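These are the residues of each chain, in order.
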Protein chains: 2
Amino acid sequence: MEHLRFMQSAYQEAIKAFDEGEVPVGAVIVKNGSIIGKGYNRIEKLSDATAHAEIIAISAASSRNNSWRLDDCTLYVTLEPCLMCLGAIMQSRVNCVVYAATDKKLGAIDSHYYQQQIEHSFGYFPEIISGIMAPECSHLLSTFFRKIRNI
Amino acid sequence: MEHLRFMQSAYQEAIKAFDEGEVPVGAVIVKNGSIIGKGYNRIEKLSDATAHAEIIAISAASSRNNSWRLDDCTLYVTLEPCLMCLGAIMQSRVNCVVYAATDKKLGAIDSHYYQQQIEHSFGYFPEIISGIMAPECSHLLSTFFRKIRNI
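Residues numbered from 1 in each chain as written. Chains lettered and ligands numbered in written order. Predicted model: local features only at pLDDT ≥ 70, side-chain atom pairs only at ≥ 80, totals over all residues. Heavy atoms only, no water.

This part covers the sheet that holds strand E2 (residues 34-40) of chain B. Residues and elements named next belong to chain B. Here five strands make up an open sheet; going across it, the order is E2-E1-E3-E4-E5 and the pairing mixed. Edge positions in the sheet fall to E2 and strand E5 (127-130), since each of these pairs with one other strand and no more. Each neighbouring strand pair of the sheet contributes to a mean axis angle of 15 degrees, computed without reference to strand direction. As judged from the six bridges shared by strand E1 (residues 26-31) and E2, these two strands associate in the antiparallel manner. Looking at E2, one finds that Ala27 is bridged to Gly39. Running over the sheet, helix H6 (residues 134-150) touches strand E3 (73-79) and strand E4 (96-101) and is turned about 60 degrees from E4. (Pairing = 2+ DSSP bridges. Helix = DSSP H or I, 4+ residues; strand = E, 2+ residues; numbered from the N terminus. Axes fitted to C-alpha atoms, helices over the stretch in contact; angles between N-to-C directions. Contact = heavy atoms within 4.5 Å.)

Put into structure tokens, the structure is as follows:
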């Protein structure tokens, strides 16, 4: 139930991206049962390819946390993280990732391709939970892509 | 000669990090022979694990470029990029990476481990040039780590 509640918050962030004409992905960071950082995809608005939901949420959470170490935190995100965001998750020591929809093209977790090398480099790999609200988050993405293709 | 000149600029950025007590890594982004973005490691100052030199330089360059696409740009960085920064390089479509020192622990390029999967996902891999000013950039890093261990 707790996972569902926080994924709903991430989904609300994704809606903000949708409303601003961005690929609708949202993320929240949770520590001790409270959200300490939020973010949604703002690549077009900020003209910045690093402005993924996860990066913005990690930056916000770190600032609130007064530490770059988020090792007691869980990241909730509506789409499977890409390589950059998986790297940011590792750098910030997030220890659990809950994602909704899989990203067959650019997702860096579900393939498990990178896991062995990452564990070797960092000495750990976060706990991964996937699929919560996957239909809703996938539907939001497909609605967005249908909409921009019709423009 | 051009590579050396721009790596010297990246090195100057690394010196700024050193002077602020950060792990000394610096980066610049070059387009059409001009630097359009700079950055140095600011993890501790900003309490943000995503504040690597490359991420800051990419954000700055994208802002100046008025586009998140940096596909006609070269990134110069004093240390081999980590997985997060390699992901940011791919997301921003940087097409050439020049780095100085290798990072045996967290470097994501020299091992070539990730290259095949990345090429499969993104359809390209940047040109890589390494070793320019490697001794100077490595020396700056080892001086930094000796200094903080003595405190």
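What follows continues from the structure just given.
With that out of the way, let us pick up the packing of helix H3 (residues 53-65) of chain A against helix H4 (residues 83-91) of chain A. All names here are of chain A. Direction vectors running N to C along H3 and H4 enclose 20 degrees, while the axes themselves pass 9 Å from each other. What the angle tells us is that H3 and H4 run roughly parallel. Of the two elements, H3 crosses H4, and the hand of that crossing is left-handed. On the side of H3, the interface is formed by Glu54, Ile55 and Ile58, while H4 contributes Met84, Cys85, Ala88 and Ile89. Of the residues in the contact of H3 with H4, the class split is six nonpolar, no polar and one charged. (Parallel < 35°, antiparallel > 145°, perpendicular 65-115°, else oblique. Left-handed = near helix turned anticlockwise from the far one by under 90°. Nonpolar A, V, L, I, M, F, W, Y, C, P; charged D, E, K, R; others polar.)

Attention now moves to the relation of the copies chain A and chain B. Each copy of the sequence occupies a distinct position, and chain A is placed on chain B by a rotation of 180 degrees and an axial shift of 0.0 Å, giving an RMSD of 0.0 Å. In short, the pair behaves as if placed about a two-fold rotation axis. For chain A, the smallest separation between a C-alpha atom and the rotation axis is recorded for Met84(A), amounting to 2.1 Å. Most of the interface of chain A is mirrored in chain B, where 100% of its interface residues are also at the interface. (Least-squares fit on C-alpha atoms with pLDDT ≥ 70 in both.)

This part covers the side chain of Asp48(B). Looking at the element boundaries, Asp48(B) is found in the loop between helix H2 (43-46) and helix H3 (53-65). Buried and unpaired, Asp48(B) has Arg42(B) as its nearest opposite-charge partner, separated by 10 Å. Here the side chain of Asp48(B) touches Ser59(A) through a polar contact of 2.7 Å, side chain to side chain. For Asp48(B), the side chain forms a polar contact with the side chain of Thr50(B), separated by 2.8 Å. (Buried < 20%, exposed > 50% of the residue type's maximum accessible area, 1.4 Å probe, protein only. Lys, Arg positive; Asp, Glu negative; His and termini not counted. Salt bridge = Lys/Arg side-chain N within 4 Å of Asp/Glu carboxyl O. Polar contact = N/O pair within 3.5 Å; in protein donor to acceptor, adjacent residues only side chain to side chain.)

This part takes up the confidence of the model for chain A. With 98% of its residues at a pLDDT of 70 or more, chain A shows a mean pLDDT of 95. Across the assembled chains, the prediction reports ipTM 0.94 with pTM 0.95. (pLDDT = per-residue confidence, 0-100.)

This brings us to the interface of chain A and chain B. Each partner contributes residues to the interface: chain A has 31 residues there, and chain B has 31 residues. Around 2800 Å² of area is buried between chain A and chain B when both sides are counted, 62% of it from carbon and sulfur atoms. When the area that chain A buries against chain B is broken down by residue, the three leading residues are Trp68(A), Gln91(A) and Tyr113(A), summing to 21%. Across the chain A-chain B interface, the total number found is zero salt bridges. The interface formed by chain A and chain B contains eight residue pairs in polar contact (both at pLDDT 80 or more). Contributions of two or more residues to the side of chain A that touches chain B are made by helix H2 (43-46), H3, H4 and helix H5 (115-122) of chain A. (Buried area = accessible area lost by both parts, 1.4 Å probe.)

Here Glu13(A) shows up in helix H1 (residues 2-19). Aside from chain neighbours lying at most four places away, what touches Glu13(A) is Gly26(A), Ala27(A), Val28(A), Lys38(A), Gly39(A) and Tyr40(A).

Bringing H4(A) into the picture now. The element H4(A) is extensively covered by neighbouring structure, given that nine of its nine residues are classed as buried. Buried within H4(A) are the following residues: Leu83(A), Met84(A), Cys85(A), Leu86(A), Gly87(A), Ala88(A), Ile89(A), Met90(A) and Gln91(A). Where H4(A) is buried, its residues meet H3, strand E3 (73-79), strand E4 (96-101) and H5 of chain A together with helix H4 (83-91) and helix H5 (115-122) of chain B. Arg93(A), located one to two residues past H4(A), shows a positive phi value of around 65 degrees.

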